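Below, each chain spelled out in residue letters.
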Amino acid sequence: MKIKDYLFYDFKKIFRNKKNISYIIIISFCSLILLVALTFYSNVLNYVKIVTIGDRDFRTLSLPISDTSIEEISKIDHVQTVYNSKYNVISSYESSFKTDNLDGGINLMYSDNTLQPTIVKGRNILENERNVAICPIEFFPDSKVNEYKIDKNHVISYENLIDKTFFVKFKNKSSNKDITKEFKIIGFYDTKNEIRFNNDCYISKDDIKEISDFVNPLEKDTLYATSVVVDDTKNIEFVKNEIKKLGIVSDAYTIETVAGFDTGLISLIRVSCLLLLNVILVVTFFLAISYMKKRIIDENKNINVMKFMGFTKKNLNNLFLIQNIIMNLIAYIIGFVAFLIIYIIIKNTLLHAINYSIINISINLFPILLSFVVIMSSSIIVILYIKEIFSRNNYAQL
């Protein structure tokens, strides 16, 4: 028999049997669960990778030290910069971007010549340069972005912001007086690379110090903590040990980063996904063997008739094998289509703002290929099983 003959026969048989349809539904559900779990795991790993590189909070140590210690720490290898933590970020209460749809809320971030976002358009802030800013390439000047609420219809594209000058207003907490500062946008960065919100703009350290000291005049000479930014997360332990050697903090003091991951949760996600992978692998193998065994028993009479008509063991083997492959393939395609529908709905509703600003929730090749291999691998077990079955000479005893 030719391949097309097997396909014609098997396609005709598949949808005539309710048991075949039940098998396809169960394997489709397994495919869906596996795709969801592996895609989730893949995005978690991607998020961890991006955050440890892009988000400076994950490589910033917070220390309760004095201004006199800053110079000593800045000389340690792998220390990118050291600054007073109170200058990290400050939020405006009004800006020139305020409209009927936007409240104009902007967060201004501390930056110096060593601590700036990766520029995708424009240029960096030069040393000692003032009144300039680096803003998101997709800018959403509204405080609601901090609550992951973004209306993409009102996102301002960088094309409309190049060399644009905007003002921001801040209020003195003691006198209630206002200060208005103007900034020219000279560069743009991708929030997903830096794990920042779409209303976070970077300005020079001198500008943010001036604004912060005006807003909080009573805290002008106060040092709450010192931020020590390390060049790479893999060098954090080295820097911690060097700080301890300087005697700046006691051995009993635990130096922590500003932000960090729950490693236990990451491990739990990894183990859960691997466990689910193995469970579905066993389930598909069990279903494939059980289904094939039952089908061969049910079609015992047909098998003997086909043998009488001249079907060889190889022909019979191929008939059942190709039918199993076709059903698994149909089941996987159904599961994949269902997964795509769920993915698109969730991405554009529940996770819309997170996907838009913080991280790109995506489908990559890894979960698709791995889930396909797991679902289709049951056919290998079927090959071994039906070869053993059809090696018997007495089909009537099947």
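Preceding this paragraph is the structure being described.
These figures come from a predicted structure and were not determined experimentally.

Brief notes about the overall build of the protein chain
Each helix and strand in the protein chain was counted, giving twelve helices and 14 strands. Within the structure as shown, the protein chain displays about 20,600 Å² of accessible surface, and the carbon and sulfur contribution to it stands at 59%.

As for helix α11 (residues 365-376)
In a regular helix each residue adds 1.5 Å, so twelve residues correspond to 16 Å; α11 covers 16 Å between its end C-alpha atoms and thus fits that length. Taken together, the buried positions of α11 are occupied by P367, S371, V374, I375 and M376. N-capping of α11 is provided by N364, with a side-chain oxygen placed 3.1 Å from the backbone N of F366.

Description of the nonpolar core
The biggest cluster of nonpolar side chains holds 34 residues, and the ones touching the most others in it are L108 and F166. If you list the elements that add at least two residues to this core, you get β5 (107-111), β7 (132-136), β10 (165-171), β11 (178-189), β12 (200-204) and α5 (205-215). Residue contributions to this core peak at four residues, all from β11. Contact partners of L108, with chain neighbours within four places excluded, come to N88, V89, I90, V168, F170, F183, C201, I203, I208 and I211. Formed by 24 residues, the second largest nonpolar core is a distinct cluster that contains Y23, I24, Y291 and A331.

Regarding the pairing of β5
Burial within β5 is extensive, with five of its five residues counted as buried. Judged from the three bridges that link them, strand β3 (residues 89-91) and β5 form a sheet pairing that is antiparallel. Note that in β5 the partner of V89 across the bridge is M109. Taken together, the five bridges between β5 and β12 define a ladder with parallel strand orientation. Within the sheet, the bridge partner assigned to L108 lies in β12 and is C201.

Some details on the state of the cysteines
A covalent bond between the sulfur atoms of two cysteines is referred to as a disulfide. Using the criterion set out here, one finds one disulfide in the structure. A sulfur-sulfur separation of 2.2 Å characterises the disulfide bridge that pairs C135 with C201. Across the disulfide from C135 to C201, rotation about the S-S bond amounts to roughly 115 degrees, and the bridge is consequently right-handed. Of the two residues, C135 is situated in strand β7 and C201 in strand β12; the sequence distance between them amounts to 66 residues. As far as the burial class goes, C135 and C201 line up, both buried.

Considerations on unusual backbone geometry
Of note, H78 is a non-glycine position whose phi angle comes to about 75 degrees, a positive value. The exposure class of H78 is partly exposed, given its relative accessible area of 35%.

Looking at the pattern of salt bridges
Pairing of side chains with opposite charge becomes possible as their charged atoms draw close. What the rule picks out here adds up to ten salt bridges. In this structure, R130 engages D207 in a salt bridge whose closest nitrogen and oxygen atoms are separated by 2.6 Å. Separated by 77 residues along the polypeptide, R130 in the loop between β6 (119-122) and β7 and D207 in helix α5 bring together distant segments of the chain. Accessibility expressed as a relative area gives 0% for D207, which makes it buried.

A few points about the sheet that holds strand β2 (residues 79-84)
Taken in spatial order, the four strands of this open sheet run β2-β13-β1-β14, and their pairing is antiparallel. Each edge of the sheet is formed by a strand with only one pairing partner; in this case those strands are β2 and β14 (256-257). Pairing of strand β1 (residues 60-63) with β14, which is carried by two bridges, proceeds in the antiparallel orientation. Considered in β14, the bridge of S62 is made with E256. Packing of helix α6 (residues 236-246) onto the sheet brings it into contact with β1, β2, β13 (226-230) and β14, and relative to β1 it is tilted by some 25 degrees.

A look at a nonpolar patch on the surface
A cluster of nonpolar residues, L329, I333, V337, I341, I345, F372 and V373, forms a patch on the protein surface that exposes about 590 Å² of accessible area. Every element with two or more residues in the nonpolar patch is listed here: α9 (313-348) and α11. Here the nonpolar patch gets five residues from one element, more than from any other, and that element is α9. Summarising the element assignment, I341 is placed in helix α9. On the accessibility criterion, I341 (47% relative accessible area) is partly exposed.

With respect to the environment of G122
Relative to the helices and strands, G122 is located in strand β6. Here the alpha-carbon distance between G122 and I185, two residues 63 residues apart in the chain, equals 8.8 Å. In this structure, G122 is in contact with I186 and G187, ignoring residues within four places of it in sequence.

Remarks on the pairing of β10
Covered by surrounding structure in β10 are F166, V168 and F170 only, the residues T165, F167, K169 and K171 on the alternate face being uncovered. Inspection of the sheet shows strand β4 (residues 94-95) paired to β10 by two bridges, in the antiparallel sense. Bridge pairing in β10 places S95 opposite V168. Judged from the seven bridges that link them, β10 and β11 form a sheet pairing that is antiparallel. Of the residues in β11, the one forming a bridge with F170 is I179. Where β10 folds back on β11, the antiparallel hairpin that results is connected by six residues, among which N176 adopts a positive phi of roughly 70 degrees.

Quick word on the packing of aromatic side chains
How two aromatic rings sit relative to each other is given by the distance of their centres and the angle of their planes. Summed over all chains, the structure comprises ten aromatic pairs. Where F97 meets F166, the ring centres are 5.3 Å apart and the plane angle is 45 degrees; that geometry is what we call tilted. Taken together, the residues span a long stretch of sequence, with F97 in the loop between β4 and β5 and F166 in strand β10 at a distance of 69 residues. Among the residues examined, F97 registers a relative accessible area of 5% and is labelled buried. Look at F166 and you get buried, because its relative accessible area is 1%. A connected cluster of aromatic rings, assembled from ring pairs, spans Y332, F336, F339, Y343 and F372.

Thresholds, definitions, all that
- Residues numbered from 1 in each chain as written.
- Predicted model: local features only at pLDDT ≥ 70, side-chain atom pairs only at ≥ 80, totals over all residues.
- Heavy atoms only, no water.
- Helix = DSSP H or I, 4+ residues; strand = E, 2+ residues; numbered from the N terminus.
- Areas by Shrake-Rupley, 256 points an atom, 1.4 Å probe, with all protein chains shown as cover.
- Expected span 1.5 Å × (residues − 1).
- Buried < 20%, exposed > 50% of the residue type's maximum accessible area, 1.4 Å probe, protein only.
- Polar contact = N/O pair within 3.5 Å; in protein donor to acceptor, adjacent residues only side chain to side chain.
- Core = buried A, V, L, I, M, F, W, Y, C linked by side-chain atoms within 4.5 Å.
- Contact = heavy atoms within 4.5 Å.
- Pairing = 2+ DSSP bridges.
- Disulfide = S-S within 2.5 Å.
- Salt bridge = Lys/Arg side-chain N within 4 Å of Asp/Glu carboxyl O.
- Axes fitted to C-alpha atoms, helices over the stretch in contact; angles between N-to-C directions.
- Patch = residues over 30% accessible without salt bridge, like charges linked within 9 Å, V, L, I, M, F, W, Y side chains within 5 Å.
- Phe/Tyr/Trp six-rings, centres within 6.5 Å; stacked < 30°, edge-to-face > 60°.

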